[in-house]
Amino acid sequence: GAGVSQSPSNKVTEKGKDVELRCDPISGHTALYWYRQSLGQGLEFLIYFQGNSAPDKSGLPSDRFSAERTGGSVSTLTIQRTQQEDSAVYLCASSARGAVSYNEQFFGPGTRLTVL
Amino acid sequence: QQQVKQSPQSLIVQKGGISIINCAYENTAFDYFPWYQQFPGKGPALLIAIRPDVSEKKEGRFTISFNKSAKQFSLHIMDSQPGDSATYFCAASMRGGADGLTFGKGTHLIIQP
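Note that the structure is a prediction, hence the values are computed from the model and not measured. (Residues numbered from 1 in each chain as written. Chains lettered and ligands numbered in written order. Predicted model: local features only at pLDDT ≥ 70, side-chain atom pairs only at ≥ 80, totals over all residues. Heavy atoms only, no water.)

## Observations regarding the pairing of strand β9 (residues 86-92) of chain B
All names here are of chain B. For β9, the tally of buried residues reaches six of seven residues, placing the bulk of the element in the interior. As defined by bridge partners, β9 adjoins strand β11 (residues 107-112) across three bridges and the pair is classed as antiparallel. Looking at β11, one finds that Y88 is bridged to T107. Pairing geometry for β9 and strand β10 (residues 102-103), over two bridges, is antiparallel. Looking across to β10, one finds that A92 is bridged to T102. (Buried < 20%, exposed > 50% of the residue type's maximum accessible area, 1.4 Å probe, protein only. Helix = DSSP H or I, 4+ residues; strand = E, 2+ residues; numbered from the N terminus. Pairing = 2+ DSSP bridges.)

See the structure below:
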């Protein structure tokens, strides 16, 4: 498909376990973003990657959260020692970062994480 | 600190009516203001976006009105249809949308047939 894809679509884990969430951006998009959507906090920015630049980690809620982007394409968001408050839908978005137009972010369907 | 405040939280409009959702922001460095539409189980999808150098932008039945001095912007949906029933989020960003988006809390819109 041509859109942003995320896997798994659903993940159930036990408190204290580590989880990895994957994002495949739209081909050719140089910018990649992670967001979290929960009932209590709404949509929150977590981190973004632009090309080979250092990522903007300003939205990560704690040092249990980390992300990497390999080869400028696929990204993995890792949550260590998961807590129940980490339960949310984790959304990935990508953007072409065009010079002419403003930078529309295209979102994937999300990964629903449930921490028991 | 909530940098983008959105209202109302929920809205019911009759088919054919005008739906209006409002947002206010605090950070004057924001320079990109998109609206996203989200259906259950799906990711948000961009509806329309505006820059602060224009006061209004219209795309089909959707219009953004922007008031820079008041630091407010709003979404108007004309001739609202049942298919417009969804959750709508306003957002703001710096550097033309290159930075992460700061979202409002969302408005759950129901269009009654």
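There's more to say after this.
## Focus: the sheet that holds strand β6 (residues 56-59) of chain B
All names here are of chain B. Pairing is antiparallel across the open sheet formed by five strands, whose spatial order is β1-β3-β8-β7-β6. The two strands at the open ends of the sheet, each matched to only one other strand, are β1 (4-7) and β6. For this sheet, the mean inter-axis angle between neighbouring strands, taken without regard to orientation, is 15 degrees. Note that strand β7 (residues 62-67) and strand β8 (residues 72-77) share six bridges and pair antiparallel. Each residue of the ladder has a partner; that of F66, found in β8, is F73. (Axes fitted to C-alpha atoms, helices over the stretch in contact; angles between N-to-C directions.)

## Let's talk about the sheet that holds strand β3 (residues 19-24) of chain A
Residue and element names in this part refer to chain A. Spatial strand order, β1-β3-β7-β6: four strands in an open sheet with antiparallel pairing. With one partner strand each, in any of the chains shown, β1 (5-7) and β6 (65-69) form the two edges of the open sheet. The mean inter-strand angle of the sheet, taken between neighbouring strand axes irrespective of direction, is 15 degrees.

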